[in-house]
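Here is what each chain is made of, one letter per residue.
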Amino acid sequence: MFDCDPVEVVERQLQAFQAGDLNAFVAMYAPDAVVSNFPGTPVMTGHAEMRAGYASSFENRQFTLTLGQRIANGPFVIDEEIIAVGGTEMMRAVVIYQVEGCTIARSWILADAEAGQ
């Protein structure tokens, strides 16, 4: 049904993020991928905007990103992502990934409303 397993595609981009490899991270997205805040406000479109938008996250490795729960349904993978600084949880987000072929075509980020408090 799929060229690649959507869970494996999302897992590879998570591993690239955790490893601090911006090139590998961006490569897991389609060249015209759209990253949006949920329910649909676009934040970044395409590799160039993604590189610029995520650059500081890859330069400043003061935090860790871990996977909480994961749900997969066809081309959609839904991850609970937990960001911690110095071992203290700072934020949780739910990220919905839509995989087409072997890349992420779209993602929607629903950040914790309590973040930063």
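Provided above is the structure to which this section pertains.
Quick summary incoming for the structure in this document.

Calculation notes
Residues numbered from 1 in each chain as written. Predicted model: local features only at pLDDT ≥ 70, side-chain atom pairs only at ≥ 80, totals over all residues. Heavy atoms only, no water. Helix = DSSP H or I, 4+ residues; strand = E, 2+ residues; numbered from the N terminus. Rg over C-alpha atoms; globule rule 2.2 N^0.38 Å. Buried < 20%, exposed > 50% of the residue type's maximum accessible area, 1.4 Å probe, protein only. Contact = heavy atoms within 4.5 Å. Areas by Shrake-Rupley, 256 points an atom, 1.4 Å probe, with all protein chains shown as cover. Lys, Arg positive; Asp, Glu negative; His and termini not counted. Charge placed at Lys NZ, Arg CZ, Asp CG, Glu CD. Disulfide = S-S within 2.5 Å. Patch = residues over 30% accessible without salt bridge, like charges linked within 9 Å, V, L, I, M, F, W, Y side chains within 5 Å. Salt bridge = Lys/Arg side-chain N within 4 Å of Asp/Glu carboxyl O.

Here's the deal with the overall build of the protein chain
Part 1 of the argument: For the protein chain, the helix and strand inventory stands at three helices and six strands.
Part 2 of the argument: Relative to the compact-globule value of 13 Å for 117 residues, the protein chain shows a C-alpha radius of gyration of 14 Å, a close match.
Part 3 of the argument: Reported as C-alpha extents along the three principal axes, the dimensions of the protein chain are approximately 40 × 30 × 25 Å.
Part 4 of the argument: Residue burial in the protein chain is summarised as follows: out of 117 residues, 32% are buried.
Part 5 of the argument: Within the protein chain, counting contacts between residues at least 6 apart in sequence, those at least 24 apart form 43% of the total.
Part 6 of the argument: When the accessible area of the protein chain is evaluated, it comes to approximately 6,600 Å², of which 54% is carbon and sulfur surface.
Part 7 of the argument: A gap of 3 Å separates the mean positions of the 6 positive and 15 negative side-chain charges of the protein chain.

So, the environment of Val 7
Part 1 of the argument: Note on placement: Val 7 falls in helix 1 (residues 6-19).
Part 2 of the argument: Taking the relative accessible area as the measure of exposure, Val 7 reaches 25% and is therefore partly exposed.
Part 3 of the argument: The contact partners of Val 7, leaving out residues within four places of it in the chain, are Arg 70, Ala 72 and Val 77.

Regarding the state of the cysteines
Part 1 of the argument: In total, this model carries one disulfide according to the counting rule given.
Part 2 of the argument: Two residues share a disulfide in this structure: Cys 4 and Cys 102, whose sulfurs sit 1.8 Å from each other. Between Cys 4 and Cys 102, the S-S torsion sits near 80 degrees, and that sign places the bridge as right-handed. Within this pair, whereas Cys 4 is found in the segment before helix 1, its partner Cys 102 is found in the loop between strand 5 (88-100) and strand 6 (103-111), the two being separated by 98 residues in sequence.

Observations regarding a nonpolar patch on the surface
Part 1 of the argument: Taken together, the side chains of Phe 38, Ile 71, Ile 78, Val 94 and Leu 110 make up a nonpolar region of the molecular surface, amounting to roughly 410 Å² of accessible area.
Part 2 of the argument: Inspection of the secondary structure puts Val 94 in strand 5.
Part 3 of the argument: Taking the relative accessible area as the measure of exposure, Val 94 reaches 33% and is therefore partly exposed.

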